[in-house]
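Here is how the chains run, residue by residue.
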Amino acid sequence: MIPPTFDYAAPTTVDEAISALRDAGEDAKVIAGGQSLLPLLRMRFAAPSTLVDLGGVEELRHVREDGDTIVIGAMVTHARVLRDPLVNAHVPLLAQATSTVADRQIRHRGTFAGSLAHADPAGDLPAVALVLGASLEIAGPHGRRVVPASEFFVDYLESVVAPDEVLVAVRVPKQGSWVGRYEKFNRVAQGWALVGVAALVRRENGAIAEARVGLTNMGSTPLRARRAEAALAGADSPAAVGAAAARAADDTRPSDDLLAGADYRRHLAGVLTRRAVASLA
Amino acid sequence: MTVTEVGSARRRKEDARLITGRTTWTENVTLPGMLHLAILRSPMAHARISSIDVSPALATKGVVEAFSGRDVADVQGALPCAWPVTEDMVLPDRPPIAVDEVKFMGEAVAVVAARSRAAALDALAAIEVDYEPLPAVLDMEAALADGADLVHADKGTNRGYTWVFDSGEAGTGGDAAAALDDAEVVIRRRYVQQRLIPAFMEPRSVVVDPTGDVYSIWSATQIPHILRFLLAAVTGTPEHKVRVIAPDVGGGFGGKLQVTPEELIAFVAAKRLGRPVKYTESRSESLVSAHHGRDVIQDVELAARRDGTVTGLRVKLMANMGAYMGLVGPGVPILGAFMYNAIYKFPAYRFECSGVFTNTTITDAYRGAGRPEATYAIERLMDELATELGLDPMEVRRRNWIKADEFPFTTVCGLQYDSGDYDKATDKAMELFGYDELRKEQEARRAEGDTVHLGIGISTYTEMCGLAPSRVLGALRYGAGGWETASVRMLPTGKVEVVTGTSPHGQGHETAWSQIVADQLGVPFEDVEVLHGDTRTSYKGLDTYGSRSLAVGGIALYNACQKVLDKAKPIAAHMLECDPADLEFAEGRFRVRGNPDGGRTLADCALAVFAAHDLPDGIEPTLDADAVYDPVNFSFPHGTHLCATEVDTETGRVSIRKYVAVDDIGRVINPLIVEGQVHGGIAQGIAQALFEEAVYDEDGNLMTGTLVDYTLPTAADLPSFVTDRTESPAPDHPLGTKGVGEAGTIASTPAVVNAIVDALRPMGVNDIAMPCTPERVWRAVQGGAA
Ligand SMILES: Cc1cc2nc3c(=O)[nH]c(=O)nc-3n(C[C@H](O)[C@H](O)[C@H](O)COP(=O)(O)OP(=O)(O)OC[C@H]3O[C@@H](n4cnc5c(N)ncnc54)[C@H](O)[C@@H]3O)c2cc1C
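All values derive from a computational prediction rather than experimental measurement.

What counts, and at which threshold
Along each chain, the written sequence defines residue order, and numbers are assigned to residues from 1. The naming scheme follows written order: chains are lettered A onward, ligands numbered 1 onward. Side-chain atom pairs in this predicted model are given and counted only at pLDDT of 80 or more, local residue features only at pLDDT of at least 70, and totals for whole chains, interfaces and linings cover all residues. Hydrogen atoms and water are omitted, and side-chain values are computed over all heavy atoms in the structure. Strands here are runs of E lasting at least two residues and helices are runs of H or I lasting at least four, both read from the DSSP assignment and numbered beginning at the N terminus. Put simply, the radius of gyration uses C-alpha atoms, and a globule should come to 2.2 Å times the residue count raised to 0.38. Burial here depends on accessible area, computed with a 1.4 Å probe over protein chains only, as a share of the maximum for the residue type. Under 20% is buried, over 50% is exposed, and the range in between is partly exposed. Accessible areas in this description were obtained via Shrake-Rupley with a 1.4 Å probe; residue shielding takes into account the shown protein chains only. UniProt positions are given in the numbering used here, feature names are shortened, and annotations may be inferred rather than shown by experiment. Think of it this way: one heavy atom of a residue within 4 Å of a molecule or strand is enough to make that residue near it. Under the rule applied, a polar contact is a pair of N or O atoms within 3.5 Å (in protein, one hydrogen donor and one hydrogen acceptor; residues adjacent in sequence only if both atoms are side-chain atoms). Side-chain classes are defined by residue name, with Ala, Val, Leu, Ile, Met, Phe, Trp, Tyr, Cys and Pro counting as nonpolar, Asp, Glu, Lys and Arg as charged, and the others, Gly among them, as polar. Each domain's extent is set by a domain assignment, obtained either automatically or from a database. Between two residues, a contact is recorded if the distance between any of their heavy atoms is within 4.5 Å. Joining two parts hides part of their accessible area as seen by a 1.4 Å probe, and the buried area is that hidden amount summed over both. One side-chain nitrogen of Lys or Arg within 4 Å of one carboxyl oxygen of Asp or Glu is enough to make a salt bridge. A fitted line through C-alpha atoms represents every axis, and for helices the fit uses only the stretch in contact; the resulting angles, taken between N-to-C directions, go from 0 to 180 degrees. Definitions for this section: a left-handed crossing has its near helix turned counterclockwise from the far helix by less than a right angle. A right-handed crossing has that turn clockwise. Here, nonpolar core means buried Ala, Val, Leu, Ile, Met, Phe, Trp, Tyr and Cys residues that are tied together by side-chain atoms lying within 4.5 Å of each other. When DSSP finds at least two bridges between two strands, those strands are taken to pair. Sulfur atoms of two cysteines make up a disulfide when they are within 2.5 Å. The scheme is simple: roughly parallel for angles under 35 degrees, roughly antiparallel for over 145, roughly perpendicular for 65 to 115, oblique for anything else.

In terms of helices and strands, chain B carries 21 helices and 28 strands. Radius of gyration (C-alpha) of chain B: 28 Å, near the 28 Å computed for a compact globule of 786 residues. By the burial criterion, 63% of the 786 residues in chain B qualify as buried. A total of about 27,100 Å² of accessible surface is found on chain B, and carbon and sulfur atoms cover 50% of it.

Here's what the structure looks like:
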């Protein structure tokens, strides 16, 4: 369908974007790649009064190195993440997970930051941001703040970004000696995840010293599988990994819907965790 | 005749414009003063419209007119059903816009006409409707029970019809009940053909221009000719005042074989407003309101002897019609009725089908229409029989199928299968597939305890193409004939225009028709232009569906070409000053027999009739010719498809490791087009097996209302197909072609499901409901049965 009528602002700086949001009031919305927002508008599930388009804000298009961190600007697309040398060298998990997102056309326009701001628990990258320990730089009328990913996601389609704020960058710590793998399970190859698992492990002397496991679509926000993580620490055999992975869905309450039953999702979380971790031997 | 074009893999001449979109689709037709329509649709499956007020919409910016079903109740007409399959079929009036009651989610309740599409859509929200909910009838068995809630209260029943074929009663075979009573083995199963959505690429769109005294209607339809005839009939407009144009049309799969509410709504609006109007559906509207396919419950019983010989089959169907009868919807299961016996020789057969009303979108033709259902049931049953008897599934089939030297073969349904060689196609497929090696691998992996199980699935199929001999259609109570037309027009410069009554919507007719003409008339492929889809240029035809275009329309074209040559010959003879009987025609040139030099080309003759200065006495100055061909029989392509699946028992994921299709579709005009049809067809059949299902909740809301939930596969979900052919030409006509549009879809679904079940049999699984999603497969593995 056709979106309802809206006003349109095309700022060229972050400051202009913030003023535009302030001027437009409560019902304004930021638009980045539009790949999540436009479907909502076209289905008429959302009717913002004004769209503030970040497309012309040059300062949001960078990827840069800042000590032990890779800083990814808010208008960096999935496609750019995939081919960016800094990302590939220092946070390969993000590149590998991004390769599972949607299809080429959507990756060409959709942004990494937009995926996080949209806070869809079925999105692949929120769980990845969690395990990577990313933090999010947010600018608003009262200045800038940095929020860790673990505090960023509030609920289904809700993050801490206020209506008058703009997410400007995602700061992702370099993986260093951690190795990661994103396992996605979907019904069709280019579909959304029924369940996804982002695993990041650090090994010492052949055993897993530390593990982080992030879960996609196992609740109304992305989650960490803390019990599986704890059980994985010290795991030194496939059997030990399997036993630990089986706890991935502990404490989760995934939805029971048309695309998958809750028990099936819980089962998948265990299998995918085992496979993700096992692939990191 | 030297054949050069026929059989060559010509690139399709229409593709550049179709792929780039630089062509006329209905949606990009724009006329002066044109208004845009938006349709308010029912959010409920079944409700009384207690009140409806469109006036607030009229007050909205840009809106010119708004009306509800009540406002047009006596002028909107009713949608036609062309196939009352029984004399007493219940045929409820189907209004384009609901008047007092809505009967399915997505049914039109009001219409807005505005200066822009956006304004029309905005105004929909202003329309006020009060619905008084009524119980939604959804389950077919419950719908047929005594005291059931009714979709059409005034009809007193949800049973639309019951149609029976019994070989004993028809005198075409024995008594199926007796065969079952006497059988050494009986296999009884219930299979469910889930509801599918055709999901053509181009959404439906219609433009109606009432300017002048002729209504011009552009529509994204498969059936411009049928639409013209029926629009004239249901609106009371003289037929010569109705012109229908199907410009380039982006796919249909049967989904555009319909006279739609939207077409009538646009007609009514244009008439009311005296201005051109356009309506184009959104994808979401398309999924909920364009007709759906399949949705049949099959109770099947197979009787056999212990040696694997099948002795009879009894089939009982419940076919979900949706809320109304579609254009050919009631007949779709009947198209399958004659195919349950498939390629086998068994002697007794009974088929019974009830068409059932429910509060859902209507169902109607969808690629294969009846035949995929039949093939699925019998091919699943043959595997079950093999398992029961401990025989190899291919061996059981071989023991039952018709042998090459038995053609033409009259089946238990009384159809005469024209030609074929099932052994040959199967042997070729088995070799390409590596059947024996894969069986060995399967055993070895089972022994090792691999959690990913290899499965092998077989589907040997035939189908009836070339719809259809008019007499047969008449006997089945179908409302029209099955002939097809072609016209060949020789232009003065020797170029050729061909008019076909078929209506391509992606199949590549322009290329195939050009190849036939090039060979028959000896003109270059590039010199042929194929015209279609506009009832002004192509005034007569029966359109495209049921793999009929080439198998029927192609023969008409061949015959028209012969008539052109017959007309040209005396003219060439006159120019060469010889007796026509001394001339032969080859490579586009008439020559005196025995004299390879000189002669006259067809272009020479075309110029001669154009000038008409010097023609033999009594010769009409034209080479143009028309032909109408009514097939004497169906054609019966066949083939063997083999599928190897890897079933991950931990997650339930099925991946197709190898897929081999050997099809025998008679003679091939263009192998590239055939490949395309086979690939697309297999993809659609695999989609039914693994991916697609339209789901309603218990209130009758369509849950799969977007392509996020209605999971269409893409190329990334499918393997590379191995395709090959055998060739048993159709004996009834000179082209020898049989039809290939639906073969892949018909064959592939059971091949895939058989492979999955084959993989899981050691775990006690003997069936999985379609689509075999990872979750369903996983649950089957958990429970040992689905
Ligand atoms: C068919 C389809 C399939 C898809 N499949 C997948 C998939 O498999 N996996 C997956 O992870 N994603 C998938 N996506 C979503 C895709 O990744 C989106 O691009 C992404 O979720 C949002 O990025 P965007 O730049 O397009 O954001 P937009 O659509 O522009 O915005 C989304 C939301 O975030 C807000 N927002 C965006 N940027 C900012 C910002 N800088 N500051 C404040 N708020 C902001 C917007 O206001 C809006 O509410 C799919 C999308 C489509 C259409």
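Looking now at the UniProt feature "domain: FAD-binding PCMH-type" (unreviewed entry) in chain A. Per the UniProt record, "domain: FAD-binding PCMH-type" (unreviewed entry) is annotated on residues 1-177 of chain A. Annotation note: span residues 1-177 of chain A, helix share 34%, strand share 25%, distance between end C-alpha atoms 48 Å.

Here we come to the site of the ligand. Residues and elements named next belong to chain A. Neighbouring the ligand are 28 residues, the closest being V30, G34, L37, T111 and D124. At a separation of 2.5 Å, an oxygen atom of the ligand approaches a polar backbone atom of V30. Note that an oxygen atom of the ligand is positioned 2.7 Å from one of the backbone N or O atoms of L37. Against a free-state accessible area of 960 Å², the protein chains account for coverage of 90% of the ligand. If you list the elements that add at least two residues to the shell around the ligand, you get β2 (29-31), α7 (112-118) and β10 (166-173). Grouping the amino acids of the shell around the ligand by side-chain chemistry returns 13 nonpolar, 12 polar and three charged.

This paragraph deals with the domain arrangement of chain B. Residues and elements named next belong to chain B. Taken as a whole, chain B is organised into domain 1 (29-134 + 202-250 + 256-289), domain 2 (293-467 + 633-785) and domain 3 (483-629). Taking only C-alpha atoms into account, the centre of domain 1 sits 41 Å from that of domain 3. At the junction of the two partners, domain 1 supplies 16 residues and domain 3 supplies 17 residues. Between domain 1 and domain 3, a total of about 1,300 Å² is buried, with carbon and sulfur atoms accounting for 48% of that surface.

A word on the domain arrangement of chain A. Residues and elements named next belong to chain A. Taken domain by domain, chain A comprises domain 1 (7-55), domain 2 (62-173) and domain 3 (179-280). Taking only C-alpha atoms, the centre of domain 1 and the centre of domain 2 are 18 Å apart. In this complex, domain 1 contributes 13 residues to the contact, which on the side of domain 2 involves 15 residues. Across the domain 1/domain 2 interface, buried area totals approximately 1,200 Å², and carbon plus sulfur atoms make up 76% of it. Taken as a group, I18, Q35 and L54 account for 38% of the area that domain 1 buries against domain 2, more than any other trio of residues on that side. Where domain 1 packs against domain 2, one counts zero salt bridges. One can count zero residue pairs in polar contact (both at pLDDT 80 or more) joining domain 1 with domain 2. Examining the composition of the side of domain 1 that touches domain 2, we find that four residues originate from one element, helix α1 (residues 14-24), more than from any other. Here the side of domain 1 that touches domain 2 is built from residues that sort into eight nonpolar, four polar and one charged.

What follows deals with the interface of chain A and chain B. On the side of chain B, 28 residues touch chain A, which itself brings 24 residues to the contact. For the pairing of chain A and chain B, the buried interface totals around 2,300 Å² over both sides, and the portion due to carbon and sulfur atoms is 57%. Three residues, R187, L258 and Y264 of chain A, lead the burial of chain A against chain B; their summed loss comes to 27% of the area buried on that side. On the surface where chain A and chain B come into contact, there are five salt bridges. Here R275 of chain A makes a salt bridge to D648 of chain B, at a shortest N to O gap of 2.9 Å. Summed over the shared surface of chain A and chain B, the result is 14 residue pairs in polar contact (both at pLDDT 80 or more). For the side of chain A that touches chain B, the secondary-structure elements that each account for two or more residues are β11 (179-186) and α12 (262-278) of chain A. By residue number, the principal contributor to the side of chain A that touches chain B is α12 of chain A, which donates seven residues. A per-class count over the side of chain A that touches chain B returns 14 nonpolar, five polar and five charged.

All right, on to the packing of helix α11 (residues 238-245) of chain A against α12 of chain A then. All names here are of chain A. It is at 8 Å that the axes of α11 and α12 come closest, and there the two elements cross at 145 degrees. Between α11 and α12 the crossing geometry is right-handed. Across the interface between the two elements, V241, G242 and A245 from α11 touch G270, T273, R274 and V277 from α12. In terms of residue class, the contact of α11 with α12 is built from three nonpolar, three polar and one charged.

What follows is about the nonpolar core. By size, the foremost hydrophobic cluster in this structure holds 163 residues, and its most contacted members are W163, Y349, F351, Y659, L690 and I756 of chain B. Two domains each put at least three residues into this core: domain 1 (29-134 + 202-250 + 256-289) and domain 2 (293-467 + 633-785) of chain B. For Y349 of chain B, the residues in contact, after removing those within four places along its chain, are F165, D166, S167, G174, A176, L313, V315, A337, Y340, V412 and C413 of chain B. Counting residues in hydrophobic clusters, the runner-up holds 53 residues, among them V57, V91, L130 and A193 of chain A.

Turning next to the environment of S255 of chain A. Residue and element names in this part refer to chain A. Inspection of the secondary structure puts S255 in the loop between α11 and α12. Sequence-wise, S255 and A149 are 106 residues apart; in three dimensions their C-alpha atoms are separated by 22 Å. What S255 contacts, discounting residues up to four positions off in sequence, is A260, G261, A262 and R265. In terms of polar contacts, S255 uses its side chain to reach the side chain of D257, at 2.9 Å.

This paragraph deals with the pattern of salt bridges. All names here are of chain B. For the coordinates displayed, the defined rule picks out 73 salt bridges over all chains. For E384, the salt bridge identified is with R761, shortest N-O distance 2.8 Å. Linking E384 in helix α11 (residues 371-389) with R761 in the loop between α20 (743-760) and α21 (774-783), this pair joins segments that are 377 residues apart in sequence. When its relative accessible area of 3% is taken as the criterion, E384 is described as buried. When the shortest N-O distance is used, the salt bridge between R489 and E497 registers 3.0 Å.

Next up on the list: the sheet that holds strand β22 (residues 583-586) of chain B. All names here are of chain B. Pairing within the open sheet is antiparallel, and its three strands lie in the order β22-β23-β24. A single partner strand is all that each edge strand has here, and the edge strands are β22 and β24 (600-601). Summarising the sheet, β22 and strand β23 (residues 589-592) pair through four bridges and their orientation is antiparallel. Bridging from a neighbouring strand, L583 pairs with V592 of β23.

Let us look at the state of the cysteines. Residues and elements named next belong to chain B. Following the criterion strictly, the structure yields zero disulfides over all chains and no others. Just so you know, C413 is unpaired, no disulfide at all, and the nearest cysteine sulfur is the one on C353, 14 Å from it. Residue C413 is classed as buried on the basis of its relative accessible area, which comes to 7%. In this structure C578 is a free cysteine whose sulfur lies 11 Å from that of C605, the closest cysteine sulfur available. When its relative accessible area of 23% is taken as the criterion, C578 is described as partly exposed.

A few words on the packing of α12 of chain A against α21 of chain B. Interhelical geometry of α12 of chain A versus α21 of chain B gives an angle of 85 degrees and a closest axis separation of 11 Å. Here α12 of chain A lies roughly perpendicular to α21 of chain B, going by the angle between them. On α21 of chain B, the residues touching D263, Y264 and H267 of chain A of α12 of chain A are P774, E775, W778 and R779 of chain B. Counted by class, the contact of α12 of chain A with α21 of chain B contains three nonpolar, one polar and three charged residues.

Right, let's talk about the pairing of strand β2 (residues 47-53) of chain B for a bit. Residues and elements named next belong to chain B. Across two bridges, the pairing between β2 and strand β4 (residues 101-102) is antiparallel. Residue pairing across strands places A47 opposite V102, the latter belonging to β4. Direction of pairing for β2 relative to strand β6 (residues 128-133): antiparallel, over a ladder of six bridges. Bridge assignment links R48 to a residue of β6, and that residue is E132.

Attention now moves to the pairing of β10 of chain A. It is a general feature of regular strands that their side chains alternate between the two faces of the sheet. All names here are of chain A. The element β10 is largely enclosed, with a buried count of seven among its eight residues. Pairing between strand β5 (residues 69-73) and β10: five bridges, direction antiparallel. Directly across from G73, in β10, lies its bridge partner A169. The pairing of strand β6 (residues 135-140) with β10 spans five bridges and is antiparallel. Residue pairing for β10: L136 is matched across the bridge by V170.

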